[in-house]
Amino acid sequence: QTAMERILCGVIRDINQVFHNCLVFNSESTSFYRAAEVHIRKWEAYLNHFVIHRLPQNVRRFIETINLSEPSMQSKEIKPTPNAVKELEDIKTVVKSDKKTIENCANEIETGAETAEMDVREVAEDAIEVKLDESIKSKHGQINSFSERPD
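These numbers were taken from a predicted model, which means no experiment stands behind them.

## A word on the nonpolar core
Point 1. Ranked by internal contacts, the top residues of the largest apolar core, which has 15 residues, are Ile12, Leu23, Leu55, Val59, Phe62 and Ile63.
Point 2. The set of elements that each furnish at least two residues to this core consists of helix 1 (3–25), helix 2 (31–51) and helix 3 (57–65).
Point 3. Per-element accounting of this core gives the leading share, five residues, to helix 2.
Point 4. Residues in contact with Ile63, not counting those within four places in the same chain, are Ile12, Leu47, Ile52 and Leu55.

As structure tokens, then:
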């Protein structure tokens, strides 16, 4: 195999690995799995119609050995490594912690908004009371000055 043939085989292997991983690590009921099935068919059709006849014979032979439609490529034999499982659990823990933090912040904001609303209400009530007092005093002054006028 030439260097170019090795590169072409590597590219095709990588493309197929993406589809394979999508099938392996997503359950059949997910949109990711269904999308992978659709794109596998599209990729194979494109490859067979537009590309394969332009490839060197060694690369064509390689492609014949990796058919994504075969059940062996769709099997779920690949298991995540213990490190990957631990990393996933760590990520879940961080996400749960972040979720709690966000919930706490939301509660604080809500409590702050309620407090602010109560403060605004109190200020408004105080302002109304002051205005009423001023108005009463003003009216009282007018009444007094009216009663003090000579007839």
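Continuing now.
## What to know about the packing of helix 1 against helix 3
Point 1. Where helix 1 contacts helix 3, the axes come no closer than 9 Å and their chain directions differ by 25 degrees. Taken together, helix 1 and helix 3 sit at an angle that is classed as roughly parallel. Seen along the crossing, helix 1 lies across helix 3 with a hand that is right-handed. On the side of helix 1, the interface is formed by Glu5, Leu8, Cys9, Ile12 and Arg13, while helix 3 contributes Asn58, Val59, Phe62 and Ile63.
Point 2. Across the contact of helix 1 with helix 3, the residue classes break down as six nonpolar, one polar and two charged.

## What about the packing of aromatic side chains?
Point 1. In the structure shown here, the tally under the stated rule is one aromatic pair.
Point 2. Each ring, one from Tyr46 and one from Phe50, has its centre 5.2 Å from the other, and the planes form 45 degrees; the classification is tilted. Of this pair, Tyr46 and Phe50 both sit in helix 2, four residues apart, which is roughly one turn of that helix.
Point 3. With relative accessibility at 42%, the residue Phe50 sits in the partly exposed group.

## Let's talk about helix 3
Point 1. Turning to helix 3, its buried residues are Val59, Phe62 and Ile63. Down the axis of helix 3, the buried set is contained in an arc of 100 degrees. They therefore lie on one face. Among the exposed residues of helix 3, those oriented more than 90 degrees off its buried face are Glu64 and Thr65.
Point 2. Packed against the buried residues of helix 3 are helix 1 and helix 2.

## Here we look at a nonpolar patch on the surface
Point 1. Together, Met4, Ile7 and Val11 line one region of the surface with nonpolar side chains, adding up to about 290 Å² of accessible area.
Point 2. Looking at the element boundaries, Ile7 is found in helix 1.

## With respect to the confidence of the model for the protein chain
Reading fine detail from the predicted coordinates is not recommended where pLDDT is low.
Point 1. Averaged over all residues, the pLDDT of the protein chain is 78; the fraction at 70 or higher stands at 81%.
Point 2. Summarising per-element confidence for the protein chain, the mean pLDDT is lowest in helix 4 (residues 71–74) (45) and highest in helix 2 (92).
Point 3. In the model, residues 71–76 has pLDDT below 50 throughout and makes 16 contacts with residues more than four positions away in sequence or in other chains.

Definitions and limits used
- Residues numbered from 1 in each chain as written.
- Predicted model: local features only at pLDDT ≥ 70, side-chain atom pairs only at ≥ 80, totals over all residues.
- Heavy atoms only, no water.
- Core = buried A, V, L, I, M, F, W, Y, C linked by side-chain atoms within 4.5 Å.
- Buried < 20%, exposed > 50% of the residue type's maximum accessible area, 1.4 Å probe, protein only.
- Helix = DSSP H or I, 4+ residues; strand = E, 2+ residues; numbered from the N terminus.
- Contact = heavy atoms within 4.5 Å.
- Axes fitted to C-alpha atoms, helices over the stretch in contact; angles between N-to-C directions.
- Parallel < 35°, antiparallel > 145°, perpendicular 65-115°, else oblique.
- Left-handed = near helix turned anticlockwise from the far one by under 90°.
- Nonpolar A, V, L, I, M, F, W, Y, C, P; charged D, E, K, R; others polar.
- Phe/Tyr/Trp six-rings, centres within 6.5 Å; stacked < 30°, edge-to-face > 60°.
- Arc of directions from axis to C-beta.
- Patch = residues over 30% accessible without salt bridge, like charges linked within 9 Å, V, L, I, M, F, W, Y side chains within 5 Å.
- Areas by Shrake-Rupley, 256 points an atom, 1.4 Å probe, with all protein chains shown as cover.
- Salt bridge = Lys/Arg side-chain N within 4 Å of Asp/Glu carboxyl O.
- pLDDT = per-residue confidence, 0-100.

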